[in-house]
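# Inside the fold
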Amino acid sequence: MKVILHDLKGNMTDILEEKADKVIFADGKYAPCQGCFKCWTKHPATCAMTDSLHEICRVLGQADEFTIITENCYGGYSPDVKRVLDRGIGISTPMSTYRGGMMHHTLRYGKHEILQVFVYGDITEKEKETWKLMVKANSLNDGYSSYAVSFVSESELKEGAVL
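This report concerns the structure included in the present document. Treat the numbers as computed from the prediction; the structure is a model and nothing was measured. (Residues numbered from 1 in each chain as written. Predicted model: local features only at pLDDT ≥ 70, side-chain atom pairs only at ≥ 80, totals over all residues. Heavy atoms only, no water.)

### Section: the overall build of the chain
Helix and strand counts for the chain come out as five helices and seven strands. Shown N-terminal to C-terminal, the secondary structure of the chain runs as helices and strands in the order β-α-β-α-β-α-β-β-β-α-β-α. For the chain, whose C-alpha radius of gyration is 15 Å, the value lies close to the compact-globule estimate of 15 Å for 163 residues. Taking the principal axes of its C-alpha atoms as reference, the chain extends roughly 45 × 35 × 25 Å. Among the 163 residues that make up the chain, the fraction classed as buried is 40%. (Helix = DSSP H or I, 4+ residues; strand = E, 2+ residues; numbered from the N terminus. Rg over C-alpha atoms; globule rule 2.2 N^0.38 Å. Buried < 20%, exposed > 50% of the residue type's maximum accessible area, 1.4 Å probe, protein only.)

### With respect to helix α4 (residues 125–141)
Over its 17 residues, α4 extends 24 Å from the first C-alpha to the last, a length consistent with the 24 Å expected when each residue adds 1.5 Å. All buried positions along α4 are accounted for by E127, W131, V135 and S139. End-on, the buried residues of α4 take up no more than an arc of 105°, which puts them together on one face. Residues K126 and L133 are exposed on α4 and point more than 90 degrees away from its buried face. Among the structural elements, β3 (65–71), β6 (112–120) and β7 (144–151) are those in contact with the buried residues of α4. Phi turns positive, to about 80°, at G143, one or two residues after α4. (Expected span 1.5 Å × (residues − 1). Arc of directions from axis to C-beta. Contact = heavy atoms within 4.5 Å.)

### Quick word on helix α3 (residues 79–87)
Working note: α-helix, 3.6 residues per turn, so residues spaced by three or four point in the same direction. All of the buried residues in α3 are D80, V81, V84 and R87. In an axial view of α3, the angular spread of the buried residues amounts to 125°, which keeps them on one side of the axis. In this fold, the buried residues of α3 make contact with β1 (2–6), β2 (22–25), α2 (56–61) and β3.

Okay, structure coming up:
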């Protein structure tokens, strides 16, 4: 399954739906993760909060291809995209294992194919280096066998030139 998470305004969700099985618009109209860990323990892979991200762990866990489109915010994900990713912590379990020579949480849904991240907005060379390291770490942590990070303009995204 191909999943796209984005923070682009306008009618971009409609346009992106042609390119994926599931599109998640990070519009900020949901609560941030409360850190209760009930998605790990009490009701695995289901968030305790019953808003539009209640089943986000299952959606992200079943994604073979996961594409994130985010505005650069100080060398990291936009706050709205980060909130969605935080709410998806239930894709793993509280148990630990070694992956890539480091301790990581055990994957609840197994391995995935590719994590792609498209970053737009003002960005420095130092922030680009941070992005490359962060996406590499995210792909290892979430069980993706490959990853890519691209720096693009918002107009390229809206024209559909890069997806």
